[in-house]
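The residues making up each chain are set out below.
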Amino acid sequence: MLPVTAHTLEKLEHLLKCAGYKVRYEKGNFKTGACVLQNSKVIVVNKFSNLENKIQALMGLLQQLPVDVQLLEDKQLALLHQIQQTQLQP
């Protein structure tokens, strides 16, 4: 499990940006911490969620979304593999 820090959130955001996704923080009426807009590469994160929920939401999406690994640097690729092998807690 990744540490719950602002730096971890920044690393996840950077990984998603390099993978071609845009991360936005907005208020919404969705129950989860984040969602993908109509199969586009825009991820909306609930800005009112706490730091842990934001990290969990982005990690959950990274486990599900298709990511072109050729767009990633070695450190980002290692982080992605770590995330894909992590079991998220409900």
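Residues numbered from 1 in each chain as written. Predicted model: local features only at pLDDT ≥ 70, side-chain atom pairs only at ≥ 80, totals over all residues. Heavy atoms only, no water.

Got a sec to walk through the sheet that holds strand S2 (residues 34-36)? Specific residues and values, please.
Spatially, 3 strands are ordered S1-S3-S2 in an open sheet, and the strand pairing comes out mixed. This sheet does not close on itself; its edge strands, each paired only once, are strand S1 (22-26) and S2. Along the sheet, successive strands turn relative to each other by an average axial angle of 25°, direction set aside. Relative to strand S3 (residues 42-46), S2 runs antiparallel, the two being bridged by 3 bridges. Bridging across to S3, Cys35 finds its partner in Val44. Seen against the sheet, helix H2 (residues 51-64) touches S1, S2 and S3 and runs at an angle of roughly 155° to S3. (Pairing = 2+ DSSP bridges. Helix = DSSP H or I, 4+ residues; strand = E, 2+ residues; numbered from the N terminus. Axes fitted to C-alpha atoms, helices over the stretch in contact; angles between N-to-C directions. Contact = heavy atoms within 4.5 Å.)

Would you mind going over the nonpolar core in detail, with residue names and values included?
Counting residues in hydrophobic clusters, the biggest one holds 22 residues, and the most contacted among them are Leu12, Ile43, Leu58, Leu62 and Ile83. At the level of secondary structure, the elements contributing two or more residues to this core comprise helix H1 (6-18), S3, H2 and helix H3 (74-85). (Core = buried A, V, L, I, M, F, W, Y, C linked by side-chain atoms within 4.5 Å. Buried < 20%, exposed > 50% of the residue type's maximum accessible area, 1.4 Å probe, protein only.)

Which residues make up H1, and what values do they have?
The periodicity of an α-helix, 3.6 residues per turn, causes residues three or four places apart in sequence to face the same way. With 13 residues, H1 ought to run about 18 Å at 1.5 Å a step, and its terminal C-alpha atoms sit 18 Å apart, in line with that. Taken residue by residue, H1 has Thr8, Leu9, Leu12, Leu15 and Leu16 as its buried positions. The buried residues of H1 occupy one face: seen down the axis, they fall within an arc of 125°. Residues of H1 that are buried sit in contact with S1, S3, H2 and H3. Phi for Gly20, located one or two positions after H1, is positive at around 95°. (Expected span 1.5 Å × (residues − 1). Arc of directions from axis to C-beta.)

Scope: geometric values only; no functional claims are made or implied.
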